[in-house]
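Structural characterization, general
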Amino acid sequence: MIRASLKPVILACTLLAATTSWGRPPLPNEAHAVSVGTLNCTTSTCHGSVVPWEGSNVLQNEYTTWSRLDPHAKAYQVLLNEQSKKIAQRLGLKNGAQNAKECLDCHAHNPAQKFRGERFDITDGVTCEACHGPAEKWIKSHTVEGITHAENVKNGLFPSDNPRDQARMCLSCHMGSESKPMTHRIMGAGHPRISIELDTFNGIVPAHWKIDDDYRKRKGTPDSIKIWALGQGVAVEELLNHLLDPKRGRDGLFPELVLFDCHACHHPMSKDQYSARSGVGPGRIRLNDSNMLMMRALVSVVDAGNSKGFNDQISKLQAAVSGGQGDAMAEAKTLLGMVRSYNDQFEKRSFSNGDLQGVLKALINEASDGMYSDYAGAEQAYMAITSIATGMSKRGALNNSSEVNKRLAALRKLLANDEKYRASDFQKELVNLRNAAFVQAK
Ligand code: HEC
Ligand code: HEC
Ligand code: HEC
Ligand code: HEC
């Protein structure tokens, strides 16, 4: 193979990128290594082949797939369009969105100046290195015959195959993060609301990788349920970290509004929508708890005995944040501890068919308890139910796929317009789903 002619340069590198305070690799934009630029990945013998290579353990047409089909390759171009011009003007970004850190952080790979190689080009958008990490220390070694994935990761390749790290990476742009904040000011200037469900979103991006025997041998078998679960868990971690971070917490007199349920404020006053839920009384704003609802369903299965304690802790936090009793920061810290330890458990667990059934049942039952009174929760529930049903179907654990698909399509319709969302219709349709499908009513 041609690539084998490259000299085996295993870098005896001790200056590895520091890990985060809790031992996970730094996000690609935070790593202390040079990003060499997409051009270095694009030759036809590397990742720029037009068709997949036979006999190679990766497809080698990754660049072609990305540049032609992947929305990430267009992410920078978005900053030049009319909508972005309007947003930039409203925010007073004098040099335009395409030159503003506030926008480039997510619409491109935007490492610090000193970490940009000669061929680095910001206009490439969300590049290979935005997801796989700066290549300075692994570009040579990753093509050496016999090198293991773990060795590449040691050299700074971001472990995008690890569901928890993948979630941290994707969510850092699709939700925002400490180094790439999404703010209510940006939203208010006309940015679309962003939301993500990791497993669903993974399925939307055109895959430039193939899960085959060789992949499984090198990296293990990806489990879409684990990806979904950690997508939820990491989102809750991020929300709580944000809440607890004094540097990120405020916008003038107010806490950062992106942490809250958008539709708690943005709905017509004529819409009489109050429903008692999660410890928050009428007329108070609620944290966006859509991901917490998903975690509740997960915890009810993986740790049934402590499920009530977990749910109570969420309610305590909501109550404290919305001005009821308790110290919001202390409650957030307690919840964060629980969430991290559940994420550790999700990482280790092999989810069984029984687990999936249980989670699905719990998700549907949350609706009967009035938990999806707001759009964001319903949206996450829909994506979760779809992911789990798909996962079950792939495992042959779903008898009634075509009927379930019909019901899912009906649910999806009810979510088409966030401003017209009605919780009661959603709830009714979920009951149909439950009856159509596979779980017994509680
Ligand atoms: C925290 C990350 C983040 C930041 C910061 C951010 N964006 Fe975005 N933006 C996204 C994501 C993610 C999407 C895609 C949302 C989706 O489709 O789910 C998006 C979508 C958009 C869209 C709609 C794109 C389309 O294809 O219709 C525009 C326009 C846009 N962003 C402009 C901007 C501008 C201008 C700024 C700076 C003021 C900015 N963004 C800052 C993450 C971000
Ligand atoms: C939006 C994030 C993202 C971008 C951008 C991206 N990738 Fe990936 N890539 C992934 C994910 C997720 C996987 C699957 C998990 C894994 O194996 O790491 C993956 C897998 C791969 C694999 C592994 C295949 C295997 O069999 O082990 C290669 C090679 C790869 N990408 C190359 C590229 C190249 C080259 C580019 C740029 C042209 C690129 N990627 C851009 C997210 C991305
Ligand atoms: C560096 C920031 C960044 C990272 C990392 C990132 N994305 Fe994105 N993603 C974006 C932006 C910005 C857009 C919008 C691009 C556009 O509108 O053309 C986008 C668009 C998407 C879309 C299309 C959304 C739609 O409404 O059609 C999907 C799906 C997606 N990303 C999934 C992922 C997944 C999965 C990962 C992790 C494997 C990931 N992204 C990592 C910034 C990022
Ligand atoms: C605590 C209440 C509150 C929450 C929560 C909130 N907003 Fe707002 N939002 C406001 C206020 C107040 C304005 C300014 C309205 C005005 O200028 O008339 C505003 C303005 C906006 C605007 C500009 C359009 C307009 O009506 O002026 C958008 C878009 C927006 N918000 C989106 C969001 C999104 C998306 C979320 C959730 C991530 C969110 N908001 C959460 C109170 C809120």
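Look up: the structure comes first, before these words.
Residues numbered from 1 in each chain as written. Chains lettered and ligands numbered in written order. Predicted model: local features only at pLDDT ≥ 70, side-chain atom pairs only at ≥ 80, totals over all residues. Heavy atoms only, no water.

To continue, consider the nonpolar core. In this structure, Leu 240, Phe 346, Leu 363, Tyr 372, Ile 388, Phe 426 and Leu 430 are the most contacted members of the largest nonpolar core, which totals 59 residues. Breaking this core down by element, the ones donating at least two residues are helix 11 (224-244), helix 13 (290-302), helix 14 (307-321), helix 15 (328-348), helix 16 (353-368), helix 17 (375-394), helix 18 (401-414) and helix 19 (423-436). Element by element, the count of residues in this core is highest for helix 17, at 10 residues. Leave out the neighbours within four places in its chain, and Leu 430 touches Ile 364, Ala 367, Tyr 372, Ile 385 and Leu 411. Formed by 17 residues, the second largest nonpolar core is a distinct cluster that contains Tyr 76, Ile 186, Met 187 and Ala 189. (Core = buried A, V, L, I, M, F, W, Y, C linked by side-chain atoms within 4.5 Å. Buried < 20%, exposed > 50% of the residue type's maximum accessible area, 1.4 Å probe, protein only. Helix = DSSP H or I, 4+ residues; strand = E, 2+ residues; numbered from the N terminus. Contact = heavy atoms within 4.5 Å.)

Moving on, we come to the site of ligand 4. Near ligand 4 you find His 184, Met 187, Gly 188, Arg 193, Leu 257, Val 258, Phe 260, Asp 261, Cys 262, Cys 265, His 266 and Ile 285, and these make up its full shell. Contact between ligand 4 and His 184: a nitrogen atom at 2.8 Å from a side-chain N or O atom of the residue. Within the contact set of ligand 4, a nitrogen atom lies 2.7 Å away from a side-chain nitrogen or oxygen of His 266. For the shell around ligand 4, the leading source of residues is helix 8 (residues 184-188), giving 3 residues. Grouping the constituent residues of the shell around ligand 4 by class yields 7 nonpolar, 3 polar and 2 charged. (Near = heavy atom within 4 Å. Polar contact = N/O pair within 3.5 Å; in protein donor to acceptor, adjacent residues only side chain to side chain. Nonpolar A, V, L, I, M, F, W, Y, C, P; charged D, E, K, R; others polar.)

A word on the site of ligand 2. Lining the immediate environment of ligand 2, one finds 20 residues, of which Cys 128, Cys 131, His 132, Ser 160 and His 208 sit closest. At 2.8 Å from a nitrogen atom of ligand 2 is found a side-chain nitrogen or oxygen belonging to His 208. Within the contact set of ligand 2, an oxygen atom lies 2.6 Å away from a side-chain nitrogen or oxygen of Tyr 215. For the shell around ligand 2, the secondary structure elements donating two or more residues are helix 1 (62-69), helix 5 (128-132) and helix 10 (213-219). Considering only residue class, the shell around ligand 2 consists of 8 nonpolar, 8 polar and 4 charged.

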